[in-house]
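# Structural description and commentary
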Amino acid sequence: MGHYLSNLRDLEFNLFEVFRVQDYLGTGPFDQIDADVAHDALVEVERLASTTFAGSFVEGDRTPLRLDDGDVTIPEGIKRSLDAFFDGEWHRMNLPPRLGGYGAPPSLRWAASEMLLGANPAVLMYCAGPAFAAILDRLVTEEQHERWVVPMVERRWGGTMVLTEPDAGSDVGAGRAKAVAASDGTWHVTGTKRFITNGDFDWPENILHLVLARPEGAGPDASTASRPNSPAPAGGPGTKGLSLFMVPKFWPSEDGSLGERNGVVVTKLEDKMGLKASSTCELTFGEQVPARGVLVGERHEGIRQMFQVIEDARMMVGTKAIATLSTGYLNALAYAKERVQGPDLTQASDKTAPRVPIMRHPDVRRMLMEQKAYVEGMRALVMYTATVQDRIRLAREGAPQDLPALEKLNDLLLPMVKGYGSEKSYELLAQSLQVLGGSGYCRDYPIEQYIRDAKIDTLYEGTTGIQGMDLFFRKIGKDQGATLALLLGEIMRFAKGDPGDGALAKEREILGSAVRDVQGMLAAMAGFLDRSVYLVGLNTTTFMFSLSELIIGWLLLRQAEVADAVDASGHDKEFYEGKVAAARWFARNVLTLLSARRAVLEQTDLEVMDLADGAF
Ligand SMILES: Cc1cc2nc3c(=O)[nH]c(=O)nc-3n(C[C@H](O)[C@H](O)[C@H](O)COP(=O)(O)OP(=O)(O)OC[C@H]3O[C@@H](n4cnc5c(N)ncnc54)[C@H](O)[C@@H]3O)c2cc1C
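Of the regular secondary structure elements, the protein holds 20 helices and 14 strands. Taking 25 Å as the expected radius of gyration for a compact globule of 616 residues, we find that the protein reaches 25 Å, a close match to that expectation. In terms of principal-axis extent, the alpha carbons of the protein reach across some 85 × 55 × 55 Å. Considering only contacts within the protein whose residues lie at least 6 apart along the sequence, 73% involve residues at least 24 apart.

So, on to the domain arrangement of the protein. How big an interface is tends to be reported as the loss of accessible area on association of its parts. Its domain assignment divides the protein into domain 1 (8-135), domain 2 (157-224 + 231-302) and domain 3 (464-610). Between the C-alpha centres of domain 1 and domain 2 there is a distance of 27 Å. Of all the secondary-structure elements, those providing two or more residues to the side of domain 1 that touches domain 2 are helix H3 (57-62), strand S2 (71-73), helix H4 (76-87), helix H6 (121-126) and helix H7 (128-136). No other element matches H6, which puts 4 residues into the side of domain 1 that touches domain 2. Here the residues of the side of domain 1 that touches domain 2 sort into 13 nonpolar, 4 polar and 3 charged.

This part is about the site of the ligand. What surrounds the ligand is a group of 20 residues, the closest being Leu-163, Gly-169, Ser-170, Thr-463 and Gly-465. Of all the elements in the fold, those that place two or more residues in the shell around the ligand are strand S3 (158-162), strand S5 (187-197) and helix H13 (464-477).

The terminal C-alpha atoms of helix H15 (residues 505-531) lie 40 Å apart, and with 27 residues this matches the ideal 39 Å at 1.5 Å per residue to within 8%. Every buried residue of H15 is accounted for by Glu-507, Arg-508, Ile-510, Leu-511, Ala-514, Val-515, Asp-517, Val-518, Met-521, Leu-522 and Met-525. Residues of H15 that are buried in the fold lie against H13, helix H14 (482-496), helix H16 (533-537), helix H17 (540-564), helix H18 (570-589) and helix H19 (594-602).

With a phi close to 50 degrees, Arg-20 is a non-glycine residue in the positive phi region. Along the chain, Arg-20 turns up in the loop between helix H1 (8-18) and helix H2 (35-55).

When a strand is regular, its side chains alternate between the sheet's two faces. The pairing of strand S8 (residues 250-252) with strand S9 (residues 258-261) spans 2 bridges and is classified as antiparallel. Across the sheet, Phe-250 pairs through a bridge with Arg-261, a residue of S9. Hairpin connection, S8 to S9: the antiparallel pair is bridged by 5 residues, and Gly-256 has positive phi, about 95 degrees.

The subject of this paragraph is the environment of Ser-422. With respect to the helices, strands and loops of the structure, Ser-422 is situated in helix H11 (residues 403-435). In the structure, Ser-422 is positioned 42 residues away from Thr-464 in sequence and 8.2 Å away in space, judged by C-alpha atoms. Residues within four places of Ser-422 in sequence aside, it is in contact with Val-317, Gly-318, Ala-321, Asp-457, Thr-458 and Thr-464.

In this section: the confidence of the model for the protein. Taken over all residues, the pLDDT of the protein has a mean of 95, while the share at 70 or more is 97%. Here residues 218-235 scores under 50 on pLDDT; set against residues more than four positions off or in separate chains, the count is 35 contacts.

Viewed as axis vectors pointing N to C, H7 and helix H8 (residues 142-154) meet at an angle of 150 degrees, and their least axial separation amounts to 8 Å. Judged on the interaxial angle alone, H8 and H7 are roughly antiparallel. The two elements H7 and H8 meet at a crossing, and its hand is left-handed. On H8, the residues touching Gly-129, Pro-130, Phe-132, Ala-133 and Leu-136 of H7 are Val-149, Met-152 and Val-153.

Interhelical geometry of helix H9 (residues 302-338) versus helix H12 (residues 447-455) gives an angle of 165 degrees and a closest axis separation of 10 Å. Taken together, the axes of H9 and H12 lie roughly antiparallel to each other. Relative to H12, the crossing made by H9 is left-handed. Contacts between H9 and H12 involve Ala-321, Thr-324, Gly-328 and Asn-331 from the first element and Ile-447, Tyr-450, Asp-453 and Ala-454 from the second. Here the residues of the contact of H9 with H12 are counted per class, giving 4 nonpolar, 3 polar and 1 charged.

With that settled, consider the nonpolar core. If you look at the biggest cluster of nonpolar residues, it comprises 173 residues, and the most contacted ones within it are Val-189, Leu-210, Phe-245, Leu-381, Leu-511 and Leu-556. Setting aside residues up to four positions removed in sequence, Leu-556 forms contacts with Ala-373, Glu-376, Gly-377, Ala-380, Ala-582, Ala-583 and Phe-586.

This paragraph deals with H11. Look at H11: 45 Å from first C-alpha to last across 33 residues, which is about the 48 Å you get at 1.5 Å a residue. In terms of residue burial, H11 counts as a mostly covered element, since 25 of its 33 residues are buried. Positive backbone phi, approximately 60 degrees, marks Gly-437, located one or two places after H11.

A few words now on the environment of Met-492. Mapped onto the fold, Met-492 is located in helix H14. Separated by 239 residues in the primary sequence, Met-492 and Ser-253 have C-alpha atoms spaced 58 Å apart. Setting aside residues no more than four positions away along its own chain, Met-492 makes contact with Gly-512 and Val-515.

Rules behind the numbers
Numbering of residues begins from 1 in every chain and follows the order in which that chain's sequence is written. Given that the model is predicted, a residue must reach a pLDDT of at least 70 before its local features are reported, and side-chain atom pairs must reach 80 or more before they are shown or counted; all residues, however, enter totals for whole chains, interfaces and linings. Elements are defined by DSSP. Helices are runs of H or I of four residues or more, strands are runs of E of two residues or more, and each kind is numbered from the N terminus. Radius of gyration means the value over C-alpha atoms here, while the globule rule gives 2.2 Å times the residue count to the 0.38 power. C-beta atoms are first placed from the backbone for all residues, and any pair lying within 7 Å is then listed as a contact. Annotation comment: domain bounds sourced from an automatic or database domain assignment. Three classes are used: nonpolar for Ala, Val, Leu, Ile, Met, Phe, Trp, Tyr, Cys and Pro, charged for Asp, Glu, Lys and Arg, and polar for all others, with Gly counted as polar. A molecule or strand has a residue near it when that residue's C-beta atom, placed from backbone coordinates, lies within 6 Å of it. How far a helix is expected to stretch is found by multiplying one less than its residue total by 1.5 Å. Residues are called buried when their C-beta atom has 20 or more other C-beta atoms within 10 Å, exposed when it has 12 or fewer, and partly exposed otherwise; all C-beta atoms are positioned from the backbone. Here, a strand pair is defined by DSSP locating no fewer than two bridges between the strands. Summary of the metric used: pLDDT quantifies the predictor's per-residue confidence within the range 0 to 100. Fitted lines through C-alpha atoms give the axes, limited to the stretch in contact for helices. The angle between two N-to-C directions lies from 0 to 180 degrees. Throughout this description, any angle smaller than 35 degrees is read as roughly parallel, any larger than 145 degrees as roughly antiparallel, any in the 65 to 115 degree range as roughly perpendicular, and the remainder as oblique. Each crossing is labelled by how the near helix is turned from the far one, with a counterclockwise turn of less than a right angle marking it left-handed and a clockwise turn marking it right-handed. Each nonpolar core consists of buried Ala, Val, Leu, Ile, Met, Phe, Trp, Tyr and Cys residues. Their C-beta atoms, within 7 Å, join them into a set.

Now the structure itself:
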């Protein structure tokens, strides 16, 4: 048995039984993929994930990447996994037909991605080129489409997103890399970028770096010009002065052949805690040889353009996080069924009582149920968000849906998919390990690697703190709470929609009071704004966690309602019983705690901010 344990049953339950994607599969933009094709594709992806991808997971962790003369060498097994992905044409699944793709809906894409990311996240990250191409295609000219976008798909180029600099992490707007216009219409990029995923690897023939830099001559950067010994960077201040440039590893000629090596060089390969198979590079631009690039769209559109890549990456990170927790939980579950230790608690004083599998012990069952409820709830959050993205696609093609409202809902959900999904998954992976006792701490089992590989998810693509602030200030504040109010209204209608059969009545009541708690938190935070923005900043992460839990509780109860209505037998019967039990557990054990959180939040004062730094 490989390390990866998938949960296709639950993915398909989300897709086909709860969100009913079959109602629009095979229509409009998704006309090439009907429900049968979607199912067959998922079965194939599950096979690819469990065999080839999972097969290079440990090798990728234990075989260090090498940096020689600016070239990064990755393990052979990782290359074989990349061959299998691209030779199977899986990179085309969700690309639009214009790019030679099959136009699969986002829900199918993210369901498939969950399995591939759970089996070997570094491999799927190396496959990012075609996904970046689809985004880039919306931003470039027709001529650029042929020269830059098409080869990313057809010739399987690698792709990177290049924002971070030594002094510009969360504060992307502090970036100092600059770009100077050359006489041939290209731009010469200079500067140092840090922590760049896929910065170099020896599988694709070329890599296209999407780089944020300041075009020369747009005025001094007001935010940093006043710092002592700090030369003002080129470009306008903050993120607004940034432009997006395509900077290839090898410069492609007009006939498509690859020319000289461009002046972008790997100057350091990071030695990381986990996700070791993934190449994380410091890139230096234009130090000895010019790093030629092409401007995407207009100057100073860079951050808006890059955000399209970032949003995709945030969805990927949230999916990766819960994918890892899912296989962590299923590994823990398998172990708990096999490992025999101690008597049943009811026979604890009987020295001759038979020893039982640890799954029979209440404390182990507590840990397993906690993992099950959270992972299935967070998967529901990912799949719900993915189906909102499906509806956005349908609306763009003329379906009678409110496109702006759907886009705002997607924007609202993304920080929770990424921020909450990554934090909670990392926390609960420790519990997956705990179920295995000392064995879990050893490399004979995959969970210690899961933990190391998953920690990054709370950090890149905007840390958890940044996600919390994004949720409150941008996604709720700038929208005057309108999108959130609609969502809370929908949750409240579900809470009050008890059909009167008694099933889940108590849980609906708990859900209703959790809605009121979240509304109370929001009101308190709005009030804090009048007193001190610090009071808000002390609570943005807490609020994000609380809202995420409310939505997850709602989605689990929706699942329970569906499961409750099915008259199943055998293994399916147990599956549906498990759905109802997880929803009930979550409502009773998690949603009930929101009232305590609300009380704590409402009493926030400025003591933590007023305390002298030396008192910490
Ligand atoms: C393995 C790996 C891969 C990566 N891949 C890429 C990539 O492909 N492309 C790319 O551009 N970058 C990449 N990054 C960079 C990553 O996105 C940054 O590390 C991340 O954005 C955080 O920046 P930082 O590390 O400088 O931390 P900092 O910004 O210094 O943050 C440190 C701490 O301070 C907090 N903090 C910072 N500012 C604020 C604030 N205003 N309010 C409240 N809290 C704040 C943060 O939440 C965090 O807890 C990668 C990083 C790693 C480790």
